[in-house]
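Residues per chain, in single letters:
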Amino acid sequence: MEQSAQLKLLQGIELENLRMLMEICEKNHLRYYLIGGSLLGAMRHGGFIPWDDDIDVGLPRPDYNRFVKIAKDYLPAHMDIKTMTSDPNYKCYFTRLINNKKKIYWDHGQYTAVIGVWMDVFPLDGLPENQLLRKLQVFRVKLNKALYKFTQIDYVTTNRTNRPLSERVLIRFAQLTHIGRLLNADKRLKKLDRALQRYDYDASAYAWNFSGCYGKREIVPHIQLGGSRTAEFEGMQVSIPEAAEDYLTSIYGDYMKLPPEDQRKSHEVRFAEE
């Protein structure tokens, strides 16, 4: 399959995933927002970034917890949901809405799995207004994340080019010492979950997508990951943060400027044989 046709196929399946999430959220009065590259695509292109194939959605923590509990009851037979508690083989903290109409290979650390085309669904958590307390909370969460990741070191992707040096050092340390064998994965994951929910999203001055890939830039004033507003995405009206422009500036800087052509690359995707 040509790359352009493959990209269109993936985008079509992702749109079906998004429609399903929107339907569940609207029926149950749950808040959701396009975030990351999907929000960038909505604001700059009115839909997908032309070379991008995935959709990222964030739900405020109260809505996220509710979504995780009820989503499976609404999904058709060809869809599924993976969470940190639903499948012992699923190693991510955030949730994935999976469409099994088409399956792809997913390289995850030392292992490769065959999985349906997924959409990432992230919890959005609160952070305190006080800068010192905010730094302390971020440190607390990152420490718990590192300890959990030590237990899952074989599943950690090591070829990410944008991973900070500190993370690369910790990964190498865990690989050499096998320290994760001394830790209980379930207990570490529960402690991470409790740490993230220490501050109430709705009562907090700041918010963040802990699982995002932009580090400190993910920490933004609450309004940048809250409020009520819509924008067009591939012909649909979807929910976006009220201060979407400020959020995108926090993450990307001059977000309306296109990257150089040599950086406009799609993800490498391999379809599984049916």
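Look up: the structure comes first, before these words.
Just so it is clear, the model here is predicted, and its values are computed rather than measured. (Residues numbered from 1 in each chain as written. Predicted model: local features only at pLDDT ≥ 70, side-chain atom pairs only at ≥ 80, totals over all residues. Heavy atoms only, no water.)

Enquirer: What exactly am I supposed to notice about the nonpolar core here?
Expert: The biggest cluster of nonpolar side chains holds 60 residues, and the ones touching the most others in it are L18, L21, L34 and F67. The element that contributes the greatest number of residues to this core is helix α1 (residues 3–27), accounting for 9 residues. Setting aside its immediate chain neighbours within four residues, L18 contacts L34, I55, V57, M119, F233, M236 and V238. Counting residues in each nonpolar core, the second largest holds 11 residues, with Y93, V138, V141 and L196 among its members. (Core = buried A, V, L, I, M, F, W, Y, C linked by side-chain atoms within 4.5 Å. Buried < 20%, exposed > 50% of the residue type's maximum accessible area, 1.4 Å probe, protein only. Helix = DSSP H or I, 4+ residues; strand = E, 2+ residues; numbered from the N terminus. Contact = heavy atoms within 4.5 Å.)

Enquirer: Help me understand the state of the cysteines, please; the structure alone is not making it clear to me.
Expert: Here a disulfide denotes a covalent bond joining the sulfur atom of one cysteine to the sulfur atom of another. By the definition in use, this model includes 0 disulfides. In this structure C25 is not part of a disulfide, and its nearest cysteine sulfur, from C92, lies 20 Å away. Take C213: it sits in no disulfide, and the sulfur closest to it among the cysteines is that of C92, at 13 Å. (Disulfide = S-S within 2.5 Å.)

Enquirer: It is not clear to me how the packing of helix α2 (residues 36–45) against helix α7 (residues 244–252) should be interpreted in this structure. Could you clarify?
Expert: How two helices pack is summed up by the angle between their axes together with the distance between the axes. Two elements in contact, α2 and α7, have axes whose closest approach is 10 Å; the angle formed by their N-to-C orientations is 125 degrees. The orientation of α2 relative to α7 falls into the category oblique. The handedness of the crossing between α2 and α7 is left-handed. Residue-level contacts link G36, G37, L39, L40 and M43 of α2 to A244, E245, Y247, L248 and Y252 of α7. Looking at the contact of α2 with α7 residue by residue, the classes come out as 7 nonpolar, 2 polar and 1 charged. (Axes fitted to C-alpha atoms, helices over the stretch in contact; angles between N-to-C directions. Parallel < 35°, antiparallel > 145°, perpendicular 65-115°, else oblique. Left-handed = near helix turned anticlockwise from the far one by under 90°. Nonpolar A, V, L, I, M, F, W, Y, C, P; charged D, E, K, R; others polar.)

Enquirer: Could you clarify how one ought to interpret the pairing of strand β8 (residues 229–233) in this entry?
Expert: A regular strand places its side chains so that they alternate between the two faces of the sheet. With 5 bridges connecting them, β8 and strand β9 (residues 236–240) associate as antiparallel partners. Within the sheet, the bridge partner assigned to A231 lies in β9 and is V238. Taking the residues that link successive antiparallel strands as the turn, the β8-β9 hairpin has 2 residues, and the phi of E234 there is positive, at about 50 degrees. (Pairing = 2+ DSSP bridges.)

Shape is all these values report; function is a separate question.
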